[in-house]
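Commentary on secondary and tertiary structure
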Amino acid sequence: MNRTITILYFAWVRERLGKDQEIVDLPDSAVTVADLIGCLRESSADHREVLKNLEKLRFALDQDFVLLDQAIGSAKELAIFPPVTGG
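Residues numbered from 1 in each chain as written. Predicted model: local features only at pLDDT ≥ 70, side-chain atom pairs only at ≥ 80, totals over all residues. Heavy atoms only, no water.

Our next topic: the pairing of strand β3 (residues 58–61). Where β3 lies against strand β5 (residues 77–81), four bridges are found, and the strand directions are antiparallel. Residue arginine 58 lies in a different strand from β5, and its bridge partner there is phenylalanine 81. Where β3 lies against strand β4 (residues 64–66), three bridges are found, and the strand directions are antiparallel. Directly across from leucine 61, in β4, lies its bridge partner aspartate 64. Connecting β3 to the next strand, β4, in antiparallel fashion are two residues, including aspartate 62 with a positive phi near 45°. (Pairing = 2+ DSSP bridges. Helix = DSSP H or I, 4+ residues; strand = E, 2+ residues; numbered from the N terminus.)

With respect to the helices and strands, the residue arginine 3 is situated in strand β1 (residues 3–9). On the basis of relative accessibility, which here comes to 26%, the residue arginine 3 falls in the partly exposed class. The spacing of arginine 3 and proline 27 is 24 residues in sequence and 7.9 Å in space, taken between C-alpha atoms. Not counting residues within four places of it along the chain, the set of residues in contact with arginine 3 comprises Val24, Asp25, Leu26, Ile72, Gly73, Ser74 and Ala75. In this structure the side chain of arginine 3 is engaged in a polar contact, spanning 2.7 Å, whose partner is the backbone oxygen of glycine 73. (Buried < 20%, exposed > 50% of the residue type's maximum accessible area, 1.4 Å probe, protein only. Contact = heavy atoms within 4.5 Å. Polar contact = N/O pair within 3.5 Å; in protein donor to acceptor, adjacent residues only side chain to side chain.)

Attention shifts here to the sheet that holds β1. The five strands lie next to each other as β2-β1-β5-β3-β4, forming an open sheet whose pairing is mixed. A single partner strand is all that each edge strand has here, and the edge strands are β2 (21–26) and β4. In this sheet, adjacent strand axes meet at a mean angle of 30° when their direction is disregarded. Most of the contacts of helix α2 (residues 33–43) go to β5, to which it runs at about 70°, and overall it touches β1, β2, β3, β4 and β5. (Axes fitted to C-alpha atoms, helices over the stretch in contact; angles between N-to-C directions.)

Bringing the nonpolar core into the picture now. Counting residues in hydrophobic clusters, the biggest one holds 23 residues, and the most contacted among them are Leu36, Leu78 and Ile80. Those elements giving two or more residues to this core turn out to be β1, α1 (11–17), β2, α2, β3 and β5. Of all the elements, α2 adds the most residues to this core, at four residues. Apart from residues lying up to four places away in sequence, leucine 36 is in contact with Ile5, Ile7, Val24, Leu26, Ala30, Ile72 and Leu78. (Core = buried A, V, L, I, M, F, W, Y, C linked by side-chain atoms within 4.5 Å.)

Turning next to the pattern of salt bridges. Within the structure shown, the criterion is met by two salt bridges. For the salt bridge of glutamate 22 with lysine 19, the shortest nitrogen-to-oxygen distance reads 3.4 Å. We note a salt bridge from glutamate 49 to lysine 52, for which the minimum N-O separation is 2.9 Å. For glutamate 49, a relative accessible area of 46% puts it in the partly exposed group. The exposure class of lysine 52 is exposed, given its relative accessible area of 54%. (Salt bridge = Lys/Arg side-chain N within 4 Å of Asp/Glu carboxyl O.)

Encoded structure:
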């Protein structure tokens, strides 16, 4: 059975990809957030460019901040965004 996950993009990530979200089939090989990011990088040159420097990005699974080694489990949504800066 194919599982899908909604990827939400915010701020400059959204602007550079030209979309605020997409629904992707979750490959069996995508066990962690890092695995899923690797699959997204392979999906297009734009994804590869935007996701090349992961230190400049933050991630949340089902609205909880996570690190790249976090298992996706049964999550329905992954948000990708730059760190929020105060001022």
